[in-house]
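# Inside the fold
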Amino acid sequence: MSFSASVLTLYPEMFPGALGVSLAGRALEAGTWSLETIQIRDFATDRHRTVDDTPAGGGAGMVMRADVLAKAIDHSSPPGDPRPRLLMSPRGKPLTQVRVRELAAGPGVVIVCGRFEGVDQRVIDARGLEEVSVGDFILSGGEPAALVLLDAVVRLLPGVMGNTVSGDEESFENGLLEHPHYTRPQEFEGRQIPEVLTSGNHQKIAAWRRAESERLTKERRPDLLAAQPLVK
């Protein structure tokens, strides 16, 4: 059974976007995964197809209505649908490679793309939406975040990457940032490939790569090192 993604959005024309090319695009064409977009406005009941209203208690901006969004969710994810329901939100739990792998091992996802100031909390609670963040910054809407999440997940589906081993040593797979990479030519603008990488000594190469991963992680993401046993 293929991985099935349903995206609830006010801008379905943003999909598949980048997911329609390269690895994800080929997998989509091959049927390894499927993508359905649902226009949230189709579930509004007034002639203006209104999906938002002013925030209770006052304040700037607008809030997505619980009743309209609930109808869209129920349409795309009826009772018995085993797929997790995700809401792309800057206040959500940060997306990690561990969660990406969990999603890739499942039947698919239902993704709600928020807009405006946010989504009525009642529909988040009533429909069990898992809030997910792709970073500590604000986007115009959840669509770019949904594209990021799906790209991360789809590349891990069986058969999408030509060499499955290529994903094993990437950043975050082992809790560290990935080590530097080099290829021909041997010299580039006076810079040489590190000698150890051309030595043929696989034990030394592995040790160098681990040390470089730890160095980069210490410089750029020291928070990741807390649970890592360092090489002596």
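Let us look at the structure shown here. (Residues numbered from 1 in each chain as written. Predicted model: local features only at pLDDT ≥ 70, side-chain atom pairs only at ≥ 80, totals over all residues. Heavy atoms only, no water.)

### Things to note about the pattern of salt bridges
Within the structure shown, the criterion is met by 13 salt bridges. Residue D67 pairs with R65 through a salt bridge whose shortest N-O separation is 2.6 Å. Within the structure, one salt-bridge network assembled from shared partners comprises R99, E102 and E130. (Salt bridge = Lys/Arg side-chain N within 4 Å of Asp/Glu carboxyl O.)

### Overview of helix 1 (residues 22-30)
Within helix 1, the full set of buried residues consists of A24, G25 and A27. On an axial view of helix 1, the arc spanned by its buried residues comes to 165 degrees, and they lie on one face. Looking at helix 1, the residues exposed on the side facing more than 90 degrees away from the buried face are R26, E29 and A30. Check the buried side of helix 1 and you find it contacts strand 2 (33-39) and helix 5 (143-154). (Buried < 20%, exposed > 50% of the residue type's maximum accessible area, 1.4 Å probe, protein only. Helix = DSSP H or I, 4+ residues; strand = E, 2+ residues; numbered from the N terminus. Arc of directions from axis to C-beta. Contact = heavy atoms within 4.5 Å.)

### Some points on the sheet that holds strand 3 (residues 52-53)
What the three strands build is an open sheet, ordered 3-4-7; its pairing is mixed. Of all the strands in the sheet, the pair left with one neighbour each is strand 3 and strand 7 (118-119). Here two bridges tie strand 4 (residues 63-64) to strand 7, and the two strands are oriented parallel to one another. Note on strand 7: the bridge partner recorded for V63 is G118. (Pairing = 2+ DSSP bridges.)

### A closer look at the nonpolar core
With 29 residues, the main nonpolar core has F3, W33, V109, I111, L149 and L150 as its most contacted residues. Elements supplying a minimum of two residues to this core: strand 1 (3-9), helix 1, strand 5 (85-94), helix 3 (97-104), strand 6 (108-113) and helix 5. Apart from the residues lying within four places of it in its own chain, the contact partners of V109 are F3, S4, A5, S6, R83, P84, L86, L103 and L150. Membership of the second largest hydrophobic core comes to 21 residues, among which are M64, I73, V119 and L129. (Core = buried A, V, L, I, M, F, W, Y, C linked by side-chain atoms within 4.5 Å.)

### Some remarks on the packing of helix 3 against helix 5
Here helix 3 crosses helix 5 at 70 degrees, and the two axes come no closer than 8 Å. Between helix 3 and helix 5, the crossing angle belongs to the class labelled roughly perpendicular. Helix 3 and helix 5 meet at a crossing whose hand is right-handed. Residues V100, L103 and A104 of helix 3 form the contact with helix 5, whose participating residues are L149, A152 and V153. (Axes fitted to C-alpha atoms, helices over the stretch in contact; angles between N-to-C directions. Parallel < 35°, antiparallel > 145°, perpendicular 65-115°, else oblique. Left-handed = near helix turned anticlockwise from the far one by under 90°.)

### A short note on the side chain of D52
For D52, the position within the fold is in strand 3. One buried charge, D52, has no salt-bridge partner; the nearest side chain with opposite charge is R41, at 5.5 Å. (Lys, Arg positive; Asp, Glu negative; His and termini not counted.)

### Observations concerning helix 3
Looking at helix 3, one finds that the buried residues are Q97, V100, L103 and A104. The buried residues of helix 3 all sit within an arc of 115 degrees when viewed along its axis, so they share a single face. In this fold, the buried residues of helix 3 make contact with strand 1, strand 5, strand 6 and helix 5.

### Observations regarding the sheet that holds strand 6
To summarise the sheet geometry, strands pair through backbone hydrogen bonds and adopt either a parallel or an antiparallel arrangement. Taken in spatial order, the five strands line up as 2-1-6-5-8 in an open sheet, and their pairing is parallel. Only two strands of the sheet have a single neighbouring strand rather than two, namely strand 2 and strand 8 (130-133). Across the sheet, the axes of successive neighbouring strands diverge by a mean angle of 35 degrees, strand direction being ignored. Pairing geometry for strand 1 and strand 2, over seven bridges, is parallel. Residue pairing for strand 2: A5 is matched across the bridge by L35. On the sheet, helix 2 (residues 66-76) packs against strand 1, strand 2, strand 5 and strand 6 and is oriented at approximately 160 degrees with respect to strand 1.

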